[in-house]
Amino acid sequence: MLESRKLLHGTVVLTIGRVAGDALSFLRNLILARVLAKTDYGLASVFGIAMTVLEVSGNMAFGMQVIQSKDGDRPAFQSSAHTLMFLGGACSAILLAGLSVPMARLFGVPQIWWAFALLGTVPLCQGVSHLDVSRRQREFDYLPLVLVDVVPQFLITAAVWPLAVWLKD
């Protein structure tokens, strides 16, 4: 009975987190679509697509390995996973910086190559993230995962309107 209760609680927490994250993402895109000019919104979409491609291509699922491996709680396993995550994030950041000029030219905005290079900080930051969130999922504790997903979405959504109005861009 205890496992069923944990499973139900985890399902509710994950569902609420997913709905909240998707709603915040939708709201952020709605605000951007109303505030930005079409060309600026299109450029923001290009950056979003570039980030999605990077995330998909560089995702080695270390968190999933920590959850599923019988050794996932061992410090040596987690240390190895953290090291490999950092190396992957650093390689992605270097690759993105190296490809920033060709990508900017490809999308017809060669003057903002630096923005594509700056996107390299995202995989670098992801490479230094901690896998404790995944380790906690081994015990059906999904609240840290939901907080890591929803709190940044909330902060970004809350900052979009004032920043867009202030920068007019």
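Quick note: structure is the one above.
This one's a predicted model, so the numbers in the text were calculated from it and none came from an experiment. (Residues numbered from 1 in each chain as written. Predicted model: local features only at pLDDT ≥ 70, side-chain atom pairs only at ≥ 80, totals over all residues. Heavy atoms only, no water.)

Asker: Teacher, can you tell me more about the environment of Val122 here?
Answerer: Position of Val122 among the secondary structure elements: in helix α6 (residues 121–127). In this structure the C-alpha to C-alpha distance between Val122 and Gly42, which are 80 residues apart in sequence, comes to 20 Å. (Helix = DSSP H or I, 4+ residues; strand = E, 2+ residues; numbered from the N terminus.)

Asker: Quick question: what am I supposed to make of the pattern of salt bridges here?
Answerer: For the coordinates displayed, the defined rule picks out six salt bridges. Put simply, Asp71 and Lys70 hold a salt bridge, and the shortest N to O gap is 3.7 Å. In this structure, the salt-bridge partner of Asp132 is Arg135, at a minimum N-O distance of 2.6 Å. Placement of both Asp132 and Arg135 in helix α7 (residues 132–137) is noted, with a separation of three residues, approximately one turn of the helix. Look at the salt bridges and you will find they share partners, linking Lys70, Asp71 and Arg74 into a network. (Salt bridge = Lys/Arg side-chain N within 4 Å of Asp/Glu carboxyl O.)

Asker: Could you clarify how one ought to interpret the packing of aromatic side chains in this entry?
Answerer: The relative placement of two aromatic rings is captured by the distance of their centres and the angle of their planes. Applying the stated rule across the entire model yields one aromatic pair. Ring geometry for Phe107 against Phe116: centres 6.1 Å apart, planes inclined by 5°, an arrangement best described as stacked. For Phe107, a relative accessible area of 40% puts it in the partly exposed group. By relative accessible area, which is 0% here, Phe116 ends up buried. (Phe/Tyr/Trp six-rings, centres within 6.5 Å; stacked < 30°, edge-to-face > 60°. Buried < 20%, exposed > 50% of the residue type's maximum accessible area, 1.4 Å probe, protein only.)

Asker: What's the story with a nonpolar patch on the surface in this structure? I'm lost.
Answerer: A cluster of nonpolar side chains, namely Leu84, Phe86, Leu87, Leu124 and Val128, defines an oily patch on the protein surface of about 440 Å² accessible area. Counting residues per element, the nonpolar patch draws most heavily on helix α4 (residues 75–106), which supplies three residues. If you trace the backbone, Val128 turns up in the loop between α6 and α7. (Patch = residues over 30% accessible without salt bridge, like charges linked within 9 Å, V, L, I, M, F, W, Y side chains within 5 Å. Areas by Shrake-Rupley, 256 points an atom, 1.4 Å probe, with all protein chains shown as cover.)

Asker: It is not clear to me how the nonpolar core should be interpreted in this structure. Could you clarify?
Answerer: Here is a general trend for soluble globular proteins: nonpolar side chains tend to be buried in one another's company. In this structure, Val46, Ala50, Met51, Leu54, Leu96, Met103, Ala104, Val109, Ile112, Ala115, Phe116 and Leu119 together form the largest nonpolar core, which totals twelve residues. Within the residue set of this core, elements represented by two or more residues are α2 (38–58), α4 and α5 (113–118). For this core, the element with the most residues is α2, which contributes four residues. Not counting chain neighbours up to four residues away, the residues in contact with Phe116 comprise Val46, Phe47, Leu96, Ser100, Met103, Ala104, Phe107 and Val109. (Core = buried A, V, L, I, M, F, W, Y, C linked by side-chain atoms within 4.5 Å. Contact = heavy atoms within 4.5 Å.)

Asker: I would appreciate a short explanation of the environment of Ile16 in the present structure.
Answerer: Among the secondary structure elements, Ile16 is positioned in helix α1 (residues 2–35). Take Ile16: its relative accessible area is 57%, and that puts it in the exposed class. For Ile16 and Val150, which are 134 residues apart along the polypeptide, the C-alpha to C-alpha distance reads 9.8 Å.

Asker: Would you explain the side chain of Ser134 in this entry?
Answerer: Here Ser134 lies in helix α7. Since its relative accessible area comes to 10%, Ser134 is described here as buried. If we ignore the near neighbours within four places in the chain, the residues touching Ser134 are Gly63, Val66 and Ile67.

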